[in-house]
Amino acid sequence: MVKIFFSAVLFILFSTSSSFSQEKMERPKLVVGIVVDQMRYDYLYRYFDKYSDRGFKRMMSKGFTCENMHYNYVPTITAPGHSSIYTGTTPAYHGIIGNDWHQRYSRESMYCVEDKTVQVVGGVNEAAGKKSPVNLLASTITDELKLYFHDQSKIISIALKDRAAVLPGGHHPNGAFWYDESAGNFITSTYYMNALPSWLSEFNDEKWSLKLLQQGWSTLLPLSEYTASMPDRNPYEGKLPQDKESVFPRTFSTINPNYANITTTPLGNILTTQLAIKAIAAENLGADNITDFLAISYSVPDYAGHLFGLQSVEIEDIYLRLDLELATLLETLDNVVGKDQYMVFLSADHAAAQVPQLLIDGRYPAGYFENQKLIDTIKKVISAKYDPYIIEGASNFQIFLNEDRIKFKMKPKREDIVKDIKEIIKSFPGVYDAFERSEIPFLSSEFPLYKMIQLGFNPVRSGDIIYTLLPGWLDRGIKTGTSHGSPWNYDTHVPAIFYGWHVPSGKSYSHHDITDIAPTISHLVKIPLPSASIGNPLEFVK
């Protein structure tokens, strides 16, 4: 009887062990990260009835959507946004505190992906090519994929904007490629390679930008059907360079082409999709069981949003056409990689404010902040009262003090200087509050704005006095178009959709931080978290 019992136990153990040994770790063949620059959450529903069933609606109905995804720091702008999505952390830790920032002591401005040690590859515009991820202080999900598979994963990152290609690609992609609007081509830098891959040279040789400009820009639907927007002719829109009026249709010269028109029209989204499709085929992305990663940023909505504002027919048309680009991309992935073999996530690097002038005219709370006037006033008052060299610089609503001069060459106490500067800042219309750097660690994290300031503050790169604006206020010298950067909901609330491999259909209305995206992908793909990740995987991850 005892022998029978032990035999049964051994049989169970052997069977269990065999089943475990036969189990194989499953992963998607390809992860596609899509960032739509300046996409507000409500754009999913503002234009919902006009979207096809093959793009946004396909991902929303068959995937998992986070209806309450927010940025958890300030400033809400492009470079920090892309960095935070891919690192799972915030500027406090990844170090990308703005698109550019003042550098203490040198008094020079640092562009987020600037690298003077590298050269352009694939173009003649040297300045456009001096880019790399050297300023990014934390690893990305793309980095962790590379490390986990010992460089066997392929990582490709593309965008019109250099920062939107460089930062998602991480520190060791197989390629990061961005658009040189001076020539209408895609380029890279010697940080990545010494020559463009043959497939990208072929793509550039096909003169896609010139062909697209020949198409011009007419509305996808009859103008009368753009009911989610203001009339085509309205006072809140800016103009493209060749526009006499900001109205449809538009034609573009191909004799002396202005390739910058690609970046502000749906033509740029078409160009981005076509490059992504070319990269999928040429690099054999998703061709084996080692997970690859394709990072795509659609930069056009941001360029256009700044120019036209969010109530324009132009923005509505861009999103209706972007929906079709997403459909084309998904169908390509179905055919090349295989249905259920790839995973996609889609989000945005920030959202956008309503045009303040439109709000002002409608008697809503809003205004235009005169930031340069504030800086000039601070310099004038402090120079007269103390010393002309105390203010070292300013950027991203931050004031930098010359600490050495205050410490070694001045009699007044630092706290007196700081108090005077804060009083000047708080006296200006549109200011919500101002803080000195030593106050920031002690702000109550129970107050959401304070927590956002803490998570956006990097102790090495950030300034000495930081200030924020009231809701609805923009630092903008013109009364058309819009911008972003604030801690308020209109800038923080973005879409987040997960679709494809092992992603169930569903929705969450719980509050989620943008830093939750990277750990969600890491757990799904079974790779380590990015080095400074502070987020949590979403609830659908089992």
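Keep in mind the model is a prediction, meaning the values are calculated, not measured.

Trainee: Got a minute to help me understand the sheet that holds strand S13 (residues 391-395) in this structure?
Mentor: Pairing between the strands of a sheet is mediated by backbone hydrogen bonds and can be parallel or antiparallel. Spatially, 4 strands are ordered S13-S14-S16-S15 in an open sheet, and the strand pairing comes out antiparallel. Among the strands making up the open sheet, the edge pair consists of S13 and strand S15 (431-436). With direction set aside, neighbouring strand axes in the sheet form an average angle of 15°. Both S13 and strand S14 (residues 398-401) contribute to a ladder of 4 bridges, which runs antiparallel.

Trainee: Would you take a moment to explain unusual backbone geometry for this structure?
Mentor: Excluding glycine, residues mostly have negative phi values, and the peptide bonds linking residues are mostly trans. Of note, the amide linkage connecting Val74 to Pro75 takes the cis form, showing an omega dihedral of 15°. Here Pro75 lies in the loop between strand S3 (69-70) and helix H4 (78-87). In this model, Asp151 sits at a positive phi of 70°, which is unusual for a non-glycine residue. For Asp151, the position within the fold is in the loop between helix H7 (141-148) and strand S7 (155-159). Phi angles above zero are rare outside glycine, and Asn396 is one such case at about 55°. Within the secondary structure, Asn396 is located in the loop between S13 and S14.

Trainee: Can you walk me through the nonpolar core in this structure?
Mentor: The nonpolar side chains of a soluble globular protein tend to be buried, and buried together. Counting 121 residues, the largest nonpolar core has Phe56, Tyr319, Leu333, Phe345 and Phe498 as the members making the most contacts within it. Top element by residues in this core is helix H13 (residues 313-338). It accounts for 11 residues. Among all residues touching Phe56, those that are not within four sequence positions of it are Met39, Leu44, Tyr51, Tyr319, Leu322, Asp323, Leu326 and Leu346. With 23 residues, the next largest nonpolar core counts Ile390, Phe428, Ala434 and Trp473 among its residues.

Thresholds, definitions, all that
Residues numbered from 1 in each chain as written. Predicted model: local features only at pLDDT ≥ 70, side-chain atom pairs only at ≥ 80, totals over all residues. Heavy atoms only, no water. Pairing = 2+ DSSP bridges. Helix = DSSP H or I, 4+ residues; strand = E, 2+ residues; numbered from the N terminus. Axes fitted to C-alpha atoms, helices over the stretch in contact; angles between N-to-C directions. Core = buried A, V, L, I, M, F, W, Y, C linked by side-chain atoms within 4.5 Å. Buried < 20%, exposed > 50% of the residue type's maximum accessible area, 1.4 Å probe, protein only. Contact = heavy atoms within 4.5 Å.

Scope: geometric values only; no functional claims are made or implied.
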